[in-house]
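The chain contents come next:
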Amino acid sequence: MTRIPADHWLLALRTVLAVWLALFLSMRLDLYQPAWAVLAVMIVTLQPVMFTGGTPPIGIIIGRSVARLFGTLFGAIVGLVLIALFGQQPMLYLLFAGAWLAFCIYWVMLEPDEHIGYVMMLSGYTATLVSLTAIGTGIENIWSVAQGRFSETALGIGCGLLMHVVIAPRFGSRALPGALSRFLSQAATETLATLAESRPRESRDAQLKGLFQHYQQFEKLRGLTRLETRRLSHFIPALDRFASDGLALITAVRELETALDYLRECDGPHECDRGEYWLAELRQQALPLLQAIESEPDGKPTERLLLADFDWADDAVAPRTRARAELVRQRLGEVLGLLQHGRRLRNALDDPTSSKVKTLPRERRSRTTHNEHFVARFNAFRVFIAFELLGQVWIHSGWHSGYLAMMLLGVFTMLFAKAPNPAAVVSQFLWGSIAAVILGGVLLFLVLPVINGFPLLAIAIGIPVAIGTLMTPHPRWSLMGMAGAITMMTLLNLHSTYTFSPSSYINGGLASIIGTVAAMITYSLFRQRSPNERIETLMAAYWGGLSRLLREKSLPNRARLESRLYDRLGRLVALGGSDSVVREAIDLNALALCVWRIRRLRGALGPHRSEIEAWLDEIGIRVAARHRHDPAVWRQLADEAIAWVERLYRETHLPIASIGEIAMLGHLMREAPGVELEAHTKHDIDATTTPTGDPRHAH
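Here's what I pulled together on the structure shown here.

So, how was this worked out
Residues numbered from 1 in each chain as written. Predicted model: local features only at pLDDT ≥ 70, side-chain atom pairs only at ≥ 80, totals over all residues. Heavy atoms only, no water. Helix = DSSP H or I, 4+ residues; strand = E, 2+ residues; numbered from the N terminus. Contact = heavy atoms within 4.5 Å. Phe/Tyr/Trp six-rings, centres within 6.5 Å; stacked < 30°, edge-to-face > 60°. Buried < 20%, exposed > 50% of the residue type's maximum accessible area, 1.4 Å probe, protein only. Salt bridge = Lys/Arg side-chain N within 4 Å of Asp/Glu carboxyl O. Axes fitted to C-alpha atoms, helices over the stretch in contact; angles between N-to-C directions. Parallel < 35°, antiparallel > 145°, perpendicular 65-115°, else oblique. Left-handed = near helix turned anticlockwise from the far one by under 90°. Nonpolar A, V, L, I, M, F, W, Y, C, P; charged D, E, K, R; others polar.

The residue Q330 is located in helix α12 (residues 319-350) in this model. Q330 has contacts with A657 and E661, leaving out every residue within four places of it along the chain.

Shown next, in the form of structure tokens:
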């Protein structure tokens, strides 16, 4: 028998008490539909539970509550406008209401800010809920419906938020310093392991993925600081900056591994020509700091460590050894600088009065994202088509309760558009909806008629609410619990005046089930692109961007370039997920940043500048021209880069940094970045092709 954790019982207590308070106030104030207030409580409370598996941090509740409030207000206003303009013209209403849903889902799919996206999601389906309810109950009641929807949603939000604040609140931002410490410690550990010895690729990839997961945990908690506490509010710009620097740290660790591999290959006849000789000098400087950060990432920060320049005679050390050792020094210095930046930030979180706080960034870094417009357009298209088709059935059949099916179709197509397999999600909702229809009928016709007084009503409502809440944290039952909450509150008529109308309830129940089935059919017929097809699109966008970076005369802002690259990295990792995918995605970022550094240092290339820029331009043409990239082509490009390095070794007036960056470009290209990802997507497409060559595209 499975034991229910204490946290889940506490969550059920908060939810039931919030439901009782919302029900009491809405009935006491004689609001339009008390069930809407109860529904708001359960959605605000339970929807985050589906993703956290337990009591969500108060920051998530606050963010969802505020977003839901504004989204409901905006949606209610749009619903009023739709009825005012098209209340007597059903065909035009369907056209414009469907267009509004499509516009909102398009925005949701492209919006990187979670809360703004949630506002648009709510405003999309709230507009249809308000307008369809008015059509189903009489458009002369539209003002009462819109006002009631907003006021009762606000009441439910307030009650749910109050209980989460009063009863054992959980502050996720309190775990932020610990998450940052673990990330810094793991990064230092990975750097120490890299400096100690060369490791197999499988071990590297697994450790790199673990480091990336630590970063993701930090990034997840960072978003709660704006909402949970004022104590950390002045750290928000610094936390935003380190969100980019943290990914730069992961990339720098990966580049350091590559640079070390090539330095260790230097094994000349003289001691000073051996890579280990210069690596030992770097270890001597870096190990104390790395070991301190590994063991005490929250320790007191020291003055920034700058690695000393190598003391060598140019004619005594082989040019290849000089370039490779300098490249390792640069990458190790970048890792140490980012680790020390993170340590200053970590120390400041514990000691806001520290003088080190003044050294933290005060301005947020500009951000840009990679937008998958095709995915957004496709979701907007299928929402619009499904809404129009079901609307035609509703209008031409004359089915009075059909508006309920339209409402649930709008809700489900908006809620689950971002899910990897929305058809499977809605199918689980279907079973929850069927159970809710049966249980709701029992409550409405067998229990409520014999109830006298609010205490008994509260108990009757509280029992299914508690059951649904206890089901929601479990992945297997969460969707059924959530579906039961939505469907039951949609069907229950909790007005102060009781009306016995089984036929109306049965019609409403069937409409709810049909709306859920319609959403499931929509997702089954109009399938989104598979993860591998989306990876292929992301890779094509990356090659196009890399080609422009190689060829255009003006350089983009580094912060904007990094944010776009890192946004694409997150999408690739989410769609792929394996260790090799993480490593390849980071290699692709490192390749683009290496190109950016070479272009930035082009002024130091002297008489070779025009030739090297022409060579980079040629690489850009070749990268953009090929749909898939052969490892042999990458090896050829790597050989060309190394040939340039060999040629530049003898140019004593050229800075070693420029030569090192070209060498790093060659090393990264020899790794054939992206080839495994492309091969994976090719296998997926070939597997969906019939023997006659007809593609079976699964959108």
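To continue, consider the packing of aromatic side chains. Taken as a whole and assessed by the stated rule, the structure comprises 16 aromatic pairs. Ring centres of F212 and Y215 lie 6.3 Å apart, and the angle between their planes is 35°; on these two criteria the pair is classed as tilted. Here F212 and its partner Y215 are both found in helix α8 (residues 201-222), three residues apart, which amounts to about one turn of the helix. Judged on exposure class, the residue F212 and its partner Y215 are both buried. With a centroid separation of 6.4 Å and 50° between ring planes, the pair formed by Y215 and F218 is classed as tilted. Taken together, the residues span about one helical turn, with Y215 and F218 both in helix α8 at a distance of three residues.

What follows covers the pattern of salt bridges. In the structure shown here, the tally under the stated rule is 28 salt bridges. A salt bridge links E255 to R331; its shortest N-O distance comes to 3.5 Å. One end of the pair, E255, is in helix α10 (residues 236-264); the other, R331, is in helix α12, with 76 residues separating them in the sequence. Owing to a relative accessible area of 2%, R331 belongs among the buried residues under this scheme. D309 is the salt-bridge partner of R329, the closest N and O atoms lying 3.2 Å from each other. You can see R329 sitting in helix α12 and its partner D309 sitting in the loop between α11 (275-295) and α12, a full 20 residues away along the chain. When salt bridges with common partners are traced through the structure, they connect E190, R199, D205, R254, E257, R583 and D587 into a single cluster.

On to the packing of helix α19 (residues 531-551) against helix α22 (residues 609-625), then. Helix-helix packing is characterised by the crossing angle of the two axes and by the distance between the axes. Following both chains from N to C, one finds α19 and α22 inclined at 165°, their axes separated by 8 Å at the closest point. It follows from the interaxial angle that α19 and α22 lie roughly antiparallel. Crossing geometry of α19 relative to α22 is assigned as left-handed. For the pair α19 and α22, the contacting residues are W543, L546, S547, L550 and R551 in the first and L616, D617, I619, G620, I621, V623 and A624 in the second. Residues belonging to the contact of α19 with α22 are distributed by class as follows: eight nonpolar, two polar and two charged.

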